[in-house]
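An overview of the molecular structure
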Amino acid sequence: MNKLFYFLMLGIALHFFSCSNPEQMQAHISKESTVVASVDSKRFATKILMDKFGNLSLSDLFSGGSNDDEQQAEKDSLAEALKPQDLGIDFLTDIYASAQLEENTKLYAVVYVKLSDSKKLEDAIKNKLPFAYRPKIQEKAGFQYGIISKKQSLIAWNESFCFIIISLNPESFVGLETYFDKIANLPKDQQILKDDNFLKIQEQTADVKVWAKMSSLYQKTGNLFGSLEGLDYLHSLIDFEKGQLSIKSKIFTDPAKNANFAKMYAKSNKFSVVNAIAEDQIIGVSSMRYDPSFIKVFLEKNAGSMVQFLPYLAFTGLGIQEIPNLFKGDFFQVQMKSVEVTQEVISYEFDDNFNKVEKKTLTKEFAQQSIFGASCDQTMNKLFDNLAKGGLLSKKETYYTFGSGANSGYFGINDNFLLVSSNLQLLNAKPTTSNYFGKMMAENPIFVHVDVQKLMKDEFVTSQKNEKAQKAISLVERLEKATLIGSEMKENIANIDFTLDLMNKNENALFEILAIIKAASETVKEEQKPQL
């Protein structure tokens, strides 16, 4: 009966709020924002059982994780004071959030919510907040506002909506009120509504929509992210389903500057060595293909920071101009189940007459199996030969060795493809059968796949079942696997899709992920408590 009542109320609410116009809030979001996200509250409300959604409190989201009991008590009292049902917030209209980097150092985040009853919010701010948080209320530009100095934030509201500005570093805290003036009086030509690319993503349907202006980040960081030049916008559509988190992203490039990115991904090698590994032995794989000119452009833009590596380059016998020739654009890595290795350890003792006696002991330990590959040219042979001459590597026949015992590994160059592995047999492995991983790596410029269950079980074995391993496994036992796939760039747009699959197919991924985060924070808090 209780659930039926909630669903009935939900239907009525959705009918009345289906025509809500978010443009009033959007008019106070700058088109120079670095990131803007919107949360489709109505979509969430229809997906998640209302008896669970209606009873969700801020303490569910923010409790735990504090290492200080006094800080945790403060967080709990704040969550108790700000019960969602008492704030007059319209939870069936989109919630917006933006972040903006200004002048290299000042960083602000703003959260915008529509109000159903502004008087309730005003009462909560003036009378229900703990005294340490209650701001001095002022009026300006049609808003009531106050600075909450304890949390380096400013809250402002009118009859329609409320926004909270959060300063994310000390420099931006000083300019809180100035930033409030800016977004409260934002001219029409500076509003996010004037950015056609932003309007594109607003037409899409998703639980959360994220718009990022990469060109703005590039311009405002003094070329700190120089390799981002040519990237223009990022769109991400995030959906929380039962048993899965899905993120579908598009990367847009600036046609005038994207000479490097438009042809970023080259044709793939076949990654044939992957087909020689039994699929049930594979824990995770990752691969990436790119045009080698990407490395050259990156080094040119970051030449100053490369100076510190010149002494190391001199040791290898390579000049900085030869670095772009080392790799030709294809990378892959495969991690497999660990194997138990028996090895002979030699130690020395002294007998009663002080004679040195050699002692041999057989030990067993687990060695992680993996193989890394990268396409290269003959410059790589020159590098390894110089390292072998310097004593950092040992050369034997056609391959090089490093390390010892279970941590030893091998380098080999096969058909201009560098292979690095802890298993010598894999350096010359021939494909035996086609498998899913080899196919996906060959067809997609970016491919990442991690079987979380296999990974954690392998970590559990290799860590000899210690307490930390047990805790780690208990934290991620709800996760199943994660996959990321990136497509080639076409017409200045590249697609990247990420999915996180969870073991529980009957629960919405949002609640599962929140539960994992909460459990992880509580575990960290427990481990950091002083031992009596």
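What you are looking at is a predicted structure, and each value in this text was computed from that prediction instead of being measured.

**Describing the overall build of the protein**
If you tally the helices and strands in the protein, you get 21 helices and 20 strands. Counting every position in the protein, which comprises 532 residues, the buried fraction comes to 42%. When contacts within the protein are restricted to residue pairs at least 6 apart in sequence, those whose partners lie at least 24 apart make up 68%. Split by element, the accessible area of the protein, about 28800 Å² in all, is 55% carbon and sulfur.

**Remarks on the pattern of salt bridges**
According to the stated counting rule, one finds 13 salt bridges in the structure shown. Two residues, Lys248 and Asp497, come together in a salt bridge whose shortest N-O distance is 3.9 Å. Of this pair, Lys248 sits in strand 10 (residues 244-253) while Asp497 sits in strand 20 (residues 493-502), and the two are 249 residues apart along the sequence. For Asp497, a relative accessible area of 30% translates into the label partly exposed. Between Glu480 and Lys505 there is a salt bridge; the shortest N-O distance is 2.9 Å. Residue Glu480 is found in strand 19 (residues 479-486), and its partner Lys505 is found in the loop between strand 20 and helix 21 (509-527); the two are separated by 25 residues along the sequence. Relative accessible area serves as the criterion here: at 24%, Glu480 is assigned to the partly exposed category. You can call Lys505 partly exposed: its relative accessible area is 42%. In this structure, a network of salt bridges that share partners links the residues Arg43, Asp207 and Asp239.

**Comments concerning the confidence of the model for the protein**
Taken as a whole, the protein shows an average pLDDT of 77; of its residues, 71% reach a score of 70 or greater. Low pLDDT (under 50) marks residues 1-20, which in the prediction has 20 contacts with non-local residues, meaning those over four places away or in another chain. This stretch, residues 53-66, has a pLDDT under 50; its non-local contacts, to residues over four places away or in other chains, come to 29 contacts.

**Here we look at the nonpolar core**
With 27 residues, the main nonpolar core has Tyr112, Phe163, Ile165 and Phe180 as its most contacted residues. Mapped onto this core, the elements with two or more residues apiece are strand 3 (106-114), strand 5 (143-148), strand 6 (153-157), strand 7 (161-167), helix 9 (176-184), helix 10 (196-202) and strand 9 (231-241). With five residues, helix 9 is the single largest residue contributor to this core. Setting aside its immediate chain neighbours within four residues, Phe180 contacts Lys140, Phe143, Tyr145, Leu154, Ala156, Phe163 and Ile165. Counting 21 residues, the second largest nonpolar core, distinct from the first, contains Tyr399, Leu426, Leu427 and Phe437.

**Digging into helix 18 (residues 436-443)**
When helix 18 is considered as a whole, its buried residues turn out to be Phe437, Gly438, Met440 and Met441. Buried residues in helix 18, looked at end-on, bunch into an arc of 165 degrees, giving them a common side. Between the side-chain oxygen at the start of helix 18 and the backbone nitrogen of Phe437 there is a gap of 3.3 Å, and the oxygen is on Asn435.

**Observations concerning the packing of aromatic side chains**
Any aromatic ring pair is given by two values, namely how distant the centres are and how the planes are angled relative to each other. One pass over the structure, following the stated rule, counts 17 aromatic pairs. On the basis of an interplanar angle of 80 degrees and a centroid distance of 6.4 Å, the ring pair of Phe143 and Phe180 is categorised as edge-to-face. Residue Phe143 is found in strand 5, and its partner Phe180 is found in helix 9; the two are separated by 37 residues along the sequence. Judged on exposure class, the residue Phe143 and its partner Phe180 are both buried. Here Phe384 and Phe411 contribute two aromatic rings whose centre-to-centre distance is 4.8 Å and whose plane-to-plane angle is 45 degrees, an arrangement assigned as tilted. Taken as a pair, Phe384 in helix 16 (residues 379-389) and Phe411 in strand 16 (residues 409-413) lie far apart in primary sequence, 27 residues in all. Accessibility classification places Phe384 together with Phe411 in one group, the buried group. Members of the aromatic cluster, joined through ring pairs, are Tyr112, Phe143, Tyr145, Phe161, Phe163 and Phe180.

**Digging into the side chain of Arg289**
As for its position among the elements, Arg289 is in strand 11 (residues 282-289). Relative accessible area serves as the criterion here: at 2%, Arg289 is assigned to the buried category. Polar contacts involving the side chain of Arg289 include one to the main-chain carbonyl oxygen of Ala442, which spans 3.3 Å.

**What about helix 7 (residues 118-128)?**
Every buried residue belonging to helix 7 is among Ser118, Leu121, Glu122, Ala124 and Ile125, and all of these are buried. An end-on view of helix 7 places all buried positions within 160 degrees of arc, on one side of the element. Taken together, the buried residues of helix 7 touch strand 5, strand 6 and strand 7. Sitting at the amino-terminal end of helix 7 is Asp117, which places a side-chain oxygen 3.1 Å from the backbone nitrogen of Lys119.

**Considering the pairing of strand 10**
In this structure, strand 9 lies alongside strand 10, joined through ten bridges in antiparallel fashion. Among the inter-strand pairings, Tyr233 is bridged to a residue of strand 10, identified as Phe252. In sequence, strand 9 turns back onto strand 10 through a hairpin of two residues, with Gly243 there showing a positive phi of about 80 degrees.

**Looking at the environment of Glu241**
If you trace the backbone, Glu241 turns up in strand 9. Given the relative accessible area of 33%, Glu241 is considered partly exposed. Residues Glu241 and Glu507, 266 residues apart in the sequence, show an inter-C-alpha distance of 8.2 Å. Each residue touching Glu241, except ones within four places of it in the same chain, is listed here: Arg43, Lys47, Glu507, Asn508 and Ala509.

**Observations regarding the environment of Gly329**
Positionally, Gly329 belongs in strand 12 (residues 327-350). Given a relative accessible area of 0%, Gly329 falls into the buried group. Once residues lying within four places of it in the same chain are set aside, the contact partners of Gly329 are Met288, Arg289, Tyr290, Pro292 and Ser375.

**A look at unusual backbone geometry**
The phi torsion at Ala141 lies on the positive side, around 55 degrees, for a residue other than glycine. Its location among the elements puts Ala141 in the loop between strand 4 (138-140) and strand 5. Of the residues examined, Ala141 reaches a relative accessible area of 39% and is grouped as partly exposed.

**Brief notes about the environment of Gln335**
Looking at where Gln335 falls in the secondary structure, it is placed in strand 12. Looking at Gln335, the relative accessible area reads 23%, which means it is partly exposed. Separated by 37 residues in the primary sequence, Gln335 and Phe372 place their C-alpha atoms 8.8 Å from one another. The residues touching Gln335, leaving out its near neighbours within four places in the chain, are Gln281, Ile282, Ile283, Gly284, Gln368, Gln369, Ser370, Leu455 and Asp458.

Cut-offs applied
- Residues numbered from 1 in each chain as written.
- Predicted model: local features only at pLDDT ≥ 70, side-chain atom pairs only at ≥ 80, totals over all residues.
- Heavy atoms only, no water.
- Helix = DSSP H or I, 4+ residues; strand = E, 2+ residues; numbered from the N terminus.
- Buried < 20%, exposed > 50% of the residue type's maximum accessible area, 1.4 Å probe, protein only.
- Contact = heavy atoms within 4.5 Å.
- Areas by Shrake-Rupley, 256 points an atom, 1.4 Å probe, with all protein chains shown as cover.
- Salt bridge = Lys/Arg side-chain N within 4 Å of Asp/Glu carboxyl O.
- pLDDT = per-residue confidence, 0-100.
- Core = buried A, V, L, I, M, F, W, Y, C linked by side-chain atoms within 4.5 Å.
- Arc of directions from axis to C-beta.
- Polar contact = N/O pair within 3.5 Å; in protein donor to acceptor, adjacent residues only side chain to side chain.
- Phe/Tyr/Trp six-rings, centres within 6.5 Å; stacked < 30°, edge-to-face > 60°.
- Pairing = 2+ DSSP bridges.

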